[in-house]
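# Chains, contacts and geometry: an overview
Chain residues, written in single-letter form:
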Amino acid sequence: MASLSIQVDKALQNTYKLRRRPIDAVLASDENKAMIYKKIYDYGPPEEMRYFANSQGELIVTIIDIADGKYSLVVIEIEKNCVFLHSSEIKGDKVYNALIQIGVRFNPQITKTWAVKALNDYVNKKIHESEKIIFMSGHAGWEDGKFNCYETRCYLDAVRPKLTLPILNKYFNKEAANRARITDYAVLLQRIHDPKLRLVFALIPLGGILFSVLQEKNIYEPFVTNLILMNEEQDIREILYYLQVFNRNELYAMNLDGSDKNNKNLIESCKDEVVVVAGLRYKEMSAYKSKKISNNLRVFAKKAMNRSGLNYGETPFKAVVVLFSNERIAEKGVRNVFIDKDFFETSNLLDTPVWDGIQATFALFIKYVEEHWKDVQKIITAEYRAVTRTERLWKVLLALVEEFWNSFGTSITSVLNLPEGLDPSFLWQEDECYLEDAVDTIASALRMASRLVKAVPKENADGCEAFLYDEEYIWILPEKFSEIVETYVGLGQKERLLLGAKEAGALLASEYGGYTSRLQINKVRKEYYKFQRNAFNRIGYTDLITLLNGGSNEC
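Residues numbered from 1 in each chain as written. Predicted model: local features only at pLDDT ≥ 70, side-chain atom pairs only at ≥ 80, totals over all residues. Heavy atoms only, no water.

## Digging into the nonpolar core
Judged by nonpolar contacts, the single largest core of 91 residues is most densely connected at Phe201, Tyr242 and Leu243. Discounting residues that sit within four places of it in the chain, Tyr242 has contacts with Leu188, Leu189, Arg191, Ile192, Phe201, Pro205, Phe344, Trp355, Ile358 and Phe362. Counting residues in hydrophobic clusters, the runner-up holds 43 residues, among them Phe338, Ala449, Phe467 and Val489. (Core = buried A, V, L, I, M, F, W, Y, C linked by side-chain atoms within 4.5 Å. Buried < 20%, exposed > 50% of the residue type's maximum accessible area, 1.4 Å probe, protein only. Contact = heavy atoms within 4.5 Å.)

Okay, here's the thing in structure tokens:
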């Protein structure tokens, strides 16, 4: 009878199993964090089994919120293997197939239909309940005390076709931090002839790297450095080596002659770096193109002075701006720097390995900031005796860089070979070089024209010369002066410049009024503009007459 009872029970159980219907399937993790598949029926207990055939770990779901919700990326991790899917892809069998592609094998006893259904429900539930959300701007640069670049977010490469994130195109080798390369860095910076400009070129890229950190603390005050090339043959790569933060294997300057759409895309990708913009004009250019570039340059410089970051369209970027140009920009906050043949002690490009010293120093600086994040914050928020926001910015930068070099047992004075007692106040004090000054504008134009003309001593003149000089004065033919001003300053500027120079005492007009003075050469009187020679020279730059003597003798 007992045997018959057992047989009846088995028969009833088989009938029971045959008659009940599956209504759901769910995933859960057991006490060992292994994934368990539960198939639920309309009545009776669920069936349980291991979900994966070759993985014992738990499915971990993380949401990466990118660009303030513009993108949402779901990361599904199991035993340190990950798949990255856009939030819109969490449906159907996309997750199932993605797991298979990274080597996950499902229990063959579970049909694909029910396996997909359980996986889809589980992942969506985790997304809904998840507190593990990583916020990411999608830009390179600083976030939560860490400096991000492509190399630190290279896992996003898997979703490159889906997400147009700027960080995916910002390469920086943080592993290049090498203390032994400081010597190379010192050699490169000491090539710059003027010690003040050595300091400027040392601070600009580090200020760019810290842009968003300073701006978040309301420290950053916009400034633009305008590098005026005196020689069309100047290789801008040599200067880019000193400035470019990301993608140093492909030195690049944004061209203002490019399309607005392309420039907008470039601007929107920038953060915590130095944006170098080329607004260069050449002799072979048409007048229309030359004027367009000049206008674009000035508009760009003005926009870059926006405290919230240069706004190109609707999206501001966070980076320091450096311009390459042929002209002076008379805007408050623009530092005009002449790049002539005496800018570098040697004009020859050095061997490539030496240039790696700059990359190494940038990486060392980033490593220092990451490892001393709290100390850096204290320096930034410390009280500084400063009259203006600009002064405070430069004092903060100087303090940070001094601490950085102190950590290596040296100083910025030693590394850059700066004169003892060099007063850094020139960094924040505006003088006639940075204000809208007619004399300085004329001096800039004459320097840029120096390769085209030649100055002749007055005692050697024969009456044909456009430029004459003696120890005190420079005489310029009005026609040549007009040509230079129109080429290097712009149309309609001559009268304003002459009036300003006259009021400043740099232009010595005739007693008969007007702006010209009469000069007799070979018994022939001619009209010239007569300027004080010293008015056009600046400390640290080649004498203007020396430059003019290197040009041609045009009439």
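## What about the sheet that holds strand β5 (residues 71–78)?
Spatial ordering of the open sheet is given by β6-β5-β4-β7, a layout of four strands whose pairing is mixed. Of all the strands in the sheet, the pair left with one neighbour each is β6 (81–86) and β7 (133–136). Looking at each pair of strands side by side, their axes are set apart by 25° on average, direction ignored. Two strands pair when backbone bridges link them, and β5 and β6 are joined in this way by six bridges, in the antiparallel orientation. Bridged to Val75 within β6 is Phe84. Packed onto the sheet, helix α2 (residues 94–101) meets β5 and β6 and runs at close to 145° relative to β6. (Pairing = 2+ DSSP bridges. Helix = DSSP H or I, 4+ residues; strand = E, 2+ residues; numbered from the N terminus. Axes fitted to C-alpha atoms, helices over the stretch in contact; angles between N-to-C directions.)

## Considerations on the pattern of salt bridges
For the structure shown, the criterion picks out 13 salt bridges. In this structure, Asp184 and Arg181 form a salt bridge, with 2.9 Å as the shortest nitrogen-oxygen distance. Between Glu527 and Arg518 there is a salt bridge whose closest N-O contact spans 2.9 Å. The exposure class assigned to Glu527 is partly exposed, which follows from its relative accessible area of 32%. Judged by relative accessible area, which is 51%, Arg518 ranks as exposed. Put simply, Asp24, Lys117 and Asp121 are held in one network by salt bridges that share partners. (Salt bridge = Lys/Arg side-chain N within 4 Å of Asp/Glu carboxyl O.)

## What to know about the sheet that holds strand β19 (residues 473–476)
Strand order across the open sheet formed by five strands is β17-β18-β19-β21-β20, with mixed pairing between neighbours. Since the sheet does not close on itself, it has two edges, and those belong to β17 (455–457) and β20 (517–521), each with one partner. In this sheet, neighbouring strand axes are inclined to one another by 40° on average, regardless of whether the strands run parallel or antiparallel.

## Remarks on helix α9 (residues 287–304)
The terminal C-alpha atoms of α9 lie 26 Å apart, and with 18 residues this matches the ideal 26 Å at 1.5 Å per residue to within 8%. Of all the positions in α9, only Ser290, Ile293, Ser294, Leu297, Phe300, Ala301 and Ala304 are classed as buried. Buried positions in α9, seen along its axis, are confined to an arc of 130° and lie on one side of it. For α9, exposure combined with an orientation more than 90 degrees from the buried face picks out Ala287, Tyr288, Lys291 and Lys302. (Expected span 1.5 Å × (residues − 1). Arc of directions from axis to C-beta.)

## What to know about unusual backbone geometry
Of note, the phi angle at Lys33 is positive, near 70°, even though the residue is not glycine. Its location among the elements puts Lys33 in the loop between β1 (22–29) and β2 (35–41).

## Remarks on helix α16 (residues 494–503)
Three- or four-residue spacings in an α-helix give side chains the same orientation, since the helix completes a turn every 3.6 residues. Looking at α16, one finds that the buried residues are Leu497, Leu498 and Ala501. Considered in projection along α16, the buried side chains sweep an arc of 100° and stay on one side of the axis. On the buried face of α16, the contacting elements are α14 (438–448), α15 (478–488) and β21 (524–532). Of the residues trailing α16, Gly505 is marked for its positive phi of about 85°.

Keep in mind these numbers describe shape, not what the thing actually does.
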